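# A closer look at the structure
Chain residues, written in single-letter form:
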Protein chains: 2
Amino acid sequence: MPLPPALVALLSTLPADIATDEPSELREYGTDRTRIFEPRPTLLVRPRTSAEVSRVLAGCHAANIPVVPSGGRTGLAGGAVAKNGEVVLSLERMRALGAVDTLGMTLEVEAGATTEAVHQHAEACGLYWPIDFASKGSATVGGNIATNAGGVRVIRYGLTRSWVLGLRVVLADGTTLALNGALEKNNTGIDLRQLFIGSEGILGVITSATLKLTRAPSRLNPTVLLAIPTFGSALRLFEEVRASRFETMAFEYFSDQCMRRVERYRGSNPPFSPRPAHYVLIELEGGTADGELDEWLGGLLSRSLVSDGIIASDSTQRRRLWALREDISEALTATGVLHKNDIALPIARLEAFCGELETLLANGYPSFELCVFGHIGDGNLHINIMKPEVLSVEAFRTKASEVDGALFALVQAHHGSISAEHGIGLLKRPYLHFSRSDDELALMRGLKAVLDPKGILNPEKVLPWGTNETRLAL
Amino acid sequence: MPLPPALVALLSTLPADIATDEPSELREYGTDRTRIFEPRPTLLVRPRTSAEVSRVLAGCHAANIPVVPSGGRTGLAGGAVAKNGEVVLSLERMRALGAVDTLGMTLEVEAGATTEAVHQHAEACGLYWPIDFASKGSATVGGNIATNAGGVRVIRYGLTRSWVLGLRVVLADGTTLALNGALEKNNTGIDLRQLFIGSEGILGVITSATLKLTRAPSRLNPTVLLAIPTFGSALRLFEEVRASRFETMAFEYFSDQCMRRVERYRGSNPPFSPRPAHYVLIELEGGTADGELDEWLGGLLSRSLVSDGIIASDSTQRRRLWALREDISEALTATGVLHKNDIALPIARLEAFCGELETLLANGYPSFELCVFGHIGDGNLHINIMKPEVLSVEAFRTKASEVDGALFALVQAHHGSISAEHGIGLLKRPYLHFSRSDDELALMRGLKAVLDPKGILNPEKVLPWGTNETRLAL
């Protein structure tokens, strides 16, 4: 496809190697981990500075060219997919890490730095940026912020939003905002940072951030895997650990269906005999006095809240217990065809919701295997449905999307969210109304119109088309 | 002043006792703690439900009548002042407290509930809403959220923004949004809650909130008052405590000028002899092993980072140490005429800033006494200038406002905020450009225009008038 003249004119003003239309690069940079949409961008642009990002955006804005901001492309909702001839604006050449400010515990980084690079950089000073999840080696800080990333440490540290002090953002027309710097407190009118955090690239492009750091946690935190008789007892257990004197660093749930898949994937033996129906992995903060943890667990056993348990006694065992939880995603993908959802509910609704979901599947889709795991301390469940052998992939997709409708209605009935962590992107856009009211959608469109009046930024993402919106095309 | 006909028509559709124009009530509800602006509202309206708030706003919107939302009126920036014939919309009749959800650790409350009422309600279940400051007996949850309140626990728990799950907000035209419910995680497009938190009532009226709670902290946390030779050593001390194994619950600074005022106000004796130039009050979390704290303090003494210290050995002594810090505001007001500012800086800039501020005053205003205290762990300083005996109050106000210009320029040079906690309101509006760029101000005006196109909500607050804005009048 020949480049539109406006784009050629823009490129002539920028460094020669900033852009490429090499087909394999366009395919790679035009997609994320969804692998559902066919990538079809026109151009890949990789600026080296925020000023270059501004010039690219100003040029695209003037010429009505749609732009898809691109980080580590580890997303699961199609938020970074370019399928309609867009320019992909990759931040990957902007990955500088500033000096760690050990007094203020802050760190300025460019948006293309990976989450893991930030961890390593901070760790060298005994500090920690507590956004932590499996894809941290590829995911970038800009992407973390644009999706308000969660992960396995939310229960202790909160979401990405809590760990961002300053943002440099380039708006659709090339205007650059430097928001809040390194300030913890700044009550000077509307906090514009908050608009961009979690907005999935539809309001502006984050080019750098000043991150808030905290002390690095111990690598030797007490960690236990518990066998649980019912889903409800996992919630009782959650209540107990929060009432105890221990501080919770992680509280992860998974069902025995997940564990069986992990065992099949690895060829490993079950951790408990007899098999329980449910598991909880708990990491506690800091030291516990000798015997204190044993005594607490003994109390849980004697009340049948827990049927068995393994306490990690060294860092190898600790890693082994964590691997059971962390391997679930990979094991599900490797052992079958699955359909994923990432939902959240008020914690008090989890038990009722899970019961109704099981009934829904048992009645309408008895051959579907349900594999549930998640951060239940945050009300967040990853709901996975596995394709039965007898169904074709196509027939499974059709039925799974039927289940989605029923699942989201159930989520709505329990005042939940259809996307806890993964975002809306392209994938969940048709379902957004299950979690947001018409008035909210109208207001979001109004905000989008102020920040990106021509709709060039990540078009077709997040917001369903409103009556006043026009679709851009090259 | 007779009520405008549109207002009379509106009132005829509402419960008879909802509104009053009794002059003493108008005076009381038309002002906050600034006491600088003459209150002159037309009417006080006190709805009992969110639906009534919606009807009041829809009516005022239709008739172009400006509205000032009103909470506990403990603000220090004039954010709740009604001085141009506005309708004051008080939330004080909406103070219901829902049942505490001990599993999810959440609590739904109406906006007019006081911060203290929320504390007591949560405490009965062993839980805590960690927004805590001196005026909590009068300040309301709605006001806390609308100003993103800080206080003495920010270093441990963060600002109000981190402790709000759901919001019910009525927009200028009466539209009601129910945002996020009781969800910790909800990545479904733009997080509209964040717009209203800290917006000082210019974008919508918060009528209820679902609060996130945490475990109640111990009342017996180790607390120490330390005598410090220089301001810089207070910052070194801050670095040391964060590098220690203790968890910081509070880290408060005050100068000896503040301490002398407290002593004069109370007629009490100095805590240390000889007097130090600076003080730090530290509260640490949880238990420390026997002798651990003594040992740590001994190390600080031996390195001359600290010249003396008092460890609270029981809850009475703990309260006594805290009272030294908490009485400062009252002592300054009672012992002189003062001019206040509440600023924030990146922590790494605090030392240089304080040095330059002292030079500025010594050179230009040698007779002004400077009393500085604040939450230096958050980069937040309360800068107070005391009127010299020889100056009239009027001459002092004029000179103090000269100092403001120079002070804010210094804040700007160090990338700080001209309002850390108190907000902008009416008082700081002329100075907003010291902390926010023209592009930011333009964007804020754009957002205001989407949410409140007629500009009826808290007019003249926060945002300097833009070229496209028109001033409303009854």
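Residues numbered from 1 in each chain as written. Chains lettered and ligands numbered in written order. Predicted model: local features only at pLDDT ≥ 70, side-chain atom pairs only at ≥ 80, totals over all residues. Heavy atoms only, no water.

## A look at the nonpolar core
Cut-off, in case you're wondering: We define a nonpolar core as any set of buried Ala, Val, Leu, Ile, Met, Phe, Trp, Tyr and Cys residues linked to one another through side-chain atoms lying within 4.5 Å. Classification of residues uses two cut-offs on accessible area relative to the type maximum, computed with a 1.4 Å probe and protein chains only: under 20% is buried, over 50% is exposed, and between them is partly exposed. Working rule for contacts: check all heavy atoms of both residues, and any pair within 4.5 Å makes them a contact.
Formed by 236 residues in total, the largest nonpolar core has its most connected members in A:Leu237, A:Phe353, B:Leu237 and B:Phe353. Apart from residues no more than four positions distant in its own chain, B:Leu237 is found in contact with B:Leu226, B:Ile228, B:Phe251, B:Val280, B:Ile282, B:Trp296, B:Leu300, B:Leu305 and B:Val306.

## What to know about the packing of aromatic side chains
How two aromatic rings sit relative to each other is set out by the distance from centre to centre and by the angle between their planes. As a reminder of what qualifies: A pair of Phe, Tyr and Trp rings is counted when the ring centres sit within 6.5 Å of each other, with Trp represented by its six-membered ring. The angle between the planes then sorts it: under 30 degrees is stacked, over 60 is edge-to-face, the rest tilted. Helix and strand assignments come from DSSP, with helices taken as H or I runs of at least 4 residues and strands as E runs of at least 2, each series counted from the N terminus. Consider the ring centre and the ring normal. A charge sits over the ring if Lys NZ or Arg CZ is within 6 Å of that centre and within 35 degrees of that normal.
Using the criterion set out here, one finds 22 aromatic pairs over all chains in the structure. With a centroid separation of 5.8 Å and an interplanar angle of 70°, the aromatic rings of A:Tyr128 and A:Tyr157 are classed as edge-to-face. Of the two residues, A:Tyr128 is situated in strand β6 (residues 127-128) and A:Tyr157 in helix α6 (residues 154-157); the sequence distance between them amounts to 29 residues. Summarising the aromatic geometry, the rings of B:Tyr157 and B:Trp163 are spaced 6.0 Å apart at their centres and angled 75° between planes, so their arrangement reads as edge-to-face. Here B:Trp163 falls in the buried class, since its relative accessible area comes to 9%. Across from the ring centre of A:Tyr157, 4.6 Å away, lies the NZ or CZ of A:Arg156, which sits over that ring.

## Focus on the side chain of A:Arg318
Residues and elements named next belong to chain A. Selection rule: N or O atoms within 3.5 Å of each other form a polar contact, as long as, within protein, one can give a hydrogen and the other can take it, and as long as residues adjacent in sequence are counted only when both atoms are side-chain atoms.
Along the chain, the position of Arg-318 falls in helix α11 (residues 315-326). Reaching out from Arg-318, the side chain makes a polar contact with the side chain of Glu-283 at a distance of 3.0 Å. Sequence-distant contacts of Arg-318, defined by excluding residues within four places in its chain, comprise Arg-153, Ser-218, Arg-219, Leu-220, Asn-221, Thr-223, Glu-283 and Ala-312.

## Describing the pairing of strand β16 (residues 369-375) of chain A
All names here are of chain A. The following threshold applies: A pair of strands is treated as paired once DSSP finds two or more bridges between them.
Of all 7 residues that make up β16, 6 are buried, and the element is covered over most of its length. Taken together, the 2 bridges between strand β12 (residues 248-255) and β16 define a ladder with antiparallel strand orientation. When the bridges of β16 are listed, Tyr-253 appears paired with Gly-374. Both β16 and strand β17 (residues 380-386) contribute to a ladder of 7 bridges, which runs antiparallel. Counted as the bridge partner of Glu-369 is Met-386 from β17. What sits between the antiparallel neighbours β16 and β17 is a turn of 4 residues, in which Gly-379 has the positive phi angle 75°.

## Concerning the sheet that holds strand β5 (residues 106-110) of chain B
Residues and elements named next belong to chain B. For the record, the criterion: Think of each axis as a best-fit line through the C-alpha atoms, taken over the contacting stretch in the case of a helix, with angles from 0 to 180 degrees between the N-to-C directions.
Ordered in space as β5-β9-β7-β8, the 4 strands form an open sheet in which the pairing is antiparallel. Since the sheet does not close on itself, it has two edges, and those belong to β5 and β8 (176-179), each with one partner. Adjacent strand axes in the sheet meet at a mean angle of 15° when their direction is disregarded.

## A closer look at the environment of A:Gly85
Residue and element names in this part refer to chain A. Within the secondary structure layout, Gly-85 lies in the loop between β3 (67-70) and β4 (87-90). Classification of Gly-85 as buried rests on a relative accessible area of 2%. With 42 residues separating them along the chain, Gly-85 and Leu-43 place their C-alpha atoms 7.8 Å apart.

## Here we look at helix α8 (residues 231-243) of chain B
Note the cut-off: Every helix has an expected span of 1.5 Å times one less than the residues it contains.
Given a rise of 1.5 Å per residue, 13 residues ought to cover 18 Å, and the 19 Å separating the end C-alpha atoms of α8(B) matches this to within 8%. For α8(B), the set of buried residues is B:Phe231, B:Gly232, B:Ser233, B:Ala234, B:Leu235, B:Leu237, B:Phe238, B:Val241 and B:Arg242.

## So, the relation of the copies chain B and chain A
Spelled out, the test is: For this overlay, a least-squares fit was computed on C-alpha atoms, restricted to residues scoring pLDDT of at least 70 in both copies.
Superposing chain B onto chain A requires a rotation of 180° together with a translation of 0.0 Å along the rotation axis, leaving an RMSD of 0.0 Å. Classification of the inter-copy transformation places it as that of a two-fold axis. Minimal C-alpha distance to the rotation axis in chain B is attained by B:Gln194, lying at 3.0 Å. Mapped onto chain A, 100% of the interface residues of chain B again fall at the interface, so both copies present the same surface.

## What about the sheet that holds strand β15 (residues 338-344) of chain B?
All names here are of chain B. Across the sheet, which stays open at both edges, the 7 strands sit in the order β14-β11-β13-β12-β16-β17-β15 with antiparallel pairing between neighbours. The sheet is open, and its two edges are formed by β14 (308-311) and β15, each paired on a single side. Pairs of neighbouring strands in the sheet enclose a mean axial angle of 15°, with direction left out of account. Set on the sheet, α8 makes contact with β11 (223-228), β12 (248-255) and β13 (278-284); between it and β12 the angle comes to about 175°. Sheet strands touched by helix α13 (residues 350-364): β15, β16 (369-375) and β17 (380-386). Its angle to β17, the strand with the most contacts, is close to 10°.

## A short note on the environment of A:Leu293
Residues and elements named next belong to chain A. Considering the arrangement of structural elements, one finds Leu-293 in helix α10 (residues 292-302). Using a relative accessible area of 7% as the deciding quantity, one classes Leu-293 as buried. Residues Leu-293 and Val-224 lie 69 residues apart in sequence; the distance between their C-alpha atoms is 9.6 Å.

## Some details on the interface of chain B and chain A
Worth spelling out the cut-off: Defined here as a combined quantity, buried area equals the accessible surface (1.4 Å probe) lost by two parts on assembly, summed across both. Throughout this description, the term salt bridge denotes a Lys or Arg side-chain nitrogen within 4 Å of a carboxyl oxygen of Asp or Glu. The classification used treats Ala, Val, Leu, Ile, Met, Phe, Trp, Tyr, Cys and Pro as nonpolar, Asp, Glu, Lys and Arg as charged, and all other residues, Gly among them, as polar.
Residue-level contacts link 76 residues of chain B with 76 residues of chain A. In total, chain B and chain A occlude about 5,900 Å² of area from one another, counting both sides; carbon and sulfur atoms represent 60% of this. It is B:Lys185, B:Asn187 and B:Ile190 that lose the most area in chain B upon contact with chain A, and together they represent 16% of the buried surface on that side. At the boundary of chain B and chain A, one finds 8 salt bridges. When contributions to the side of chain B that touches chain A are tallied by element, the ones reaching two or more residues are α6 (154-157), β8, α7 (193-196), α8 and α15 (438-451) of chain B. For the side of chain B that touches chain A, the element with the highest residue contribution is α15(B), accounting for 8 residues. Partitioned by chemical class, the residues of the side of chain B that touches chain A number 34 nonpolar, 24 polar and 18 charged.

## Some points on α11(A)
Residues and elements named next belong to chain A. Note the following rule: What the arc measures is the spread of directions leading from the helix axis to the C-beta atoms.
Here α11 contains 12 residues, and its C-alpha end-to-end distance of 16 Å stays within 8% of the 16 Å for a straight helix at 1.5 Å per residue. Residues Arg-318, Leu-321, Trp-322, Leu-324 and Arg-325 constitute the buried set of α11. In a view along the axis of α11, the buried residues occupy a sector of 145°, so they form one face of it. The exposed residues of α11 that point more than 90 degrees off its buried face are Arg-319 and Arg-320. The residue sitting at the N-terminus of α11 and contributing the capping side-chain oxygen is Asp-314; that oxygen lies 3.1 Å from the backbone nitrogen of Thr-316.

## Re the pattern of salt bridges
Residue and element names in this part refer to chain A. Counted under the stated rule, the structure contains 54 salt bridges over all chains. A salt bridge links Glu-25 to Arg-46, with the nearest nitrogen and oxygen atoms 3.2 Å apart. Taken together, the residues span a long stretch of sequence, with Glu-25 in helix α2 (residues 23-29) and Arg-46 in the loop between β2 (43-45) and α3 (50-62) at a distance of 21 residues. One network of salt bridges, in which partners are shared, links Asp-256, Arg-260, Glu-263 and Arg-275.

## Quick look at unusual backbone geometry
Here the residue pair A:Ser273 and A:Pro274 is connected by a cis peptide bond, since its omega of 0° sits within 30 degrees of zero. Inspection of the secondary structure puts A:Pro274 in the loop between α9 (256-266) and β13 (278-284). In this structure, A:Arg73 is a non-glycine residue whose phi angle is positive, near 50°. By secondary structure assignment, the location of A:Arg73 is in the loop between β3 and β4. A positive phi angle is found at B:Glu460, which is not glycine, with a value near 75°. Among the structural elements, B:Glu460 can be located in the segment after α15. A relative accessible area of 10% means that B:Glu460 is categorised as buried.

## Notes on the state of the cysteines
Put simply, the rule reads: Two cysteine sulfur atoms form a disulfide, by the criterion used here, when they sit within 2.5 Å.
Evaluated as defined, the whole model comprises 0 disulfides over all chains. Looking at A:Cys371, it has no disulfide partner, and the nearest cysteine sulfur is the one in A:Cys258, 4.7 Å off.

## As for the packing of α8(B) against α13(B)
Residue and element names in this part refer to chain B. As a reminder of what qualifies: Any angle that falls under 35 degrees is termed roughly parallel, while one over 145 is termed roughly antiparallel, one within 65 to 115 roughly perpendicular, and all others oblique. Left-handed describes a crossing whose near helix is turned anticlockwise from the far helix by less than a right angle; the clockwise case is right-handed.
α13 packs onto α8 with a crossing angle of 165° between their chain directions and a minimal axis gap of 10 Å. Judged by the inter-axis angle, α8 sits roughly antiparallel to α13. Taken as a pair, α8 and α13 cross one another with a handedness that is right-handed. Touching Phe-231, Gly-232, Leu-235 and Arg-236 of α8 are Leu-350, Glu-351 and Cys-354, all from α13.

## Focus: the confidence of the model for chain A
Note the threshold: pLDDT expresses how confident the predictor is about each individual residue, on a scale running from 0 to 100.
Chain-level statistics for chain A give a pLDDT mean of 94 and a share of 97% at 70 or above. Interface scoring of the predicted complex returns ipTM 0.95; its pTM is 0.96.

## What to know about the side chain of B:Thr31
Its place among the elements puts B:Thr31 in the loop between α2 (23-29) and β2 (43-45). Those residues in contact with B:Thr31 that sit more than four places away from it in its chain are B:Phe37, B:Pro39, B:Arg73, B:Ala80 and B:Val81.

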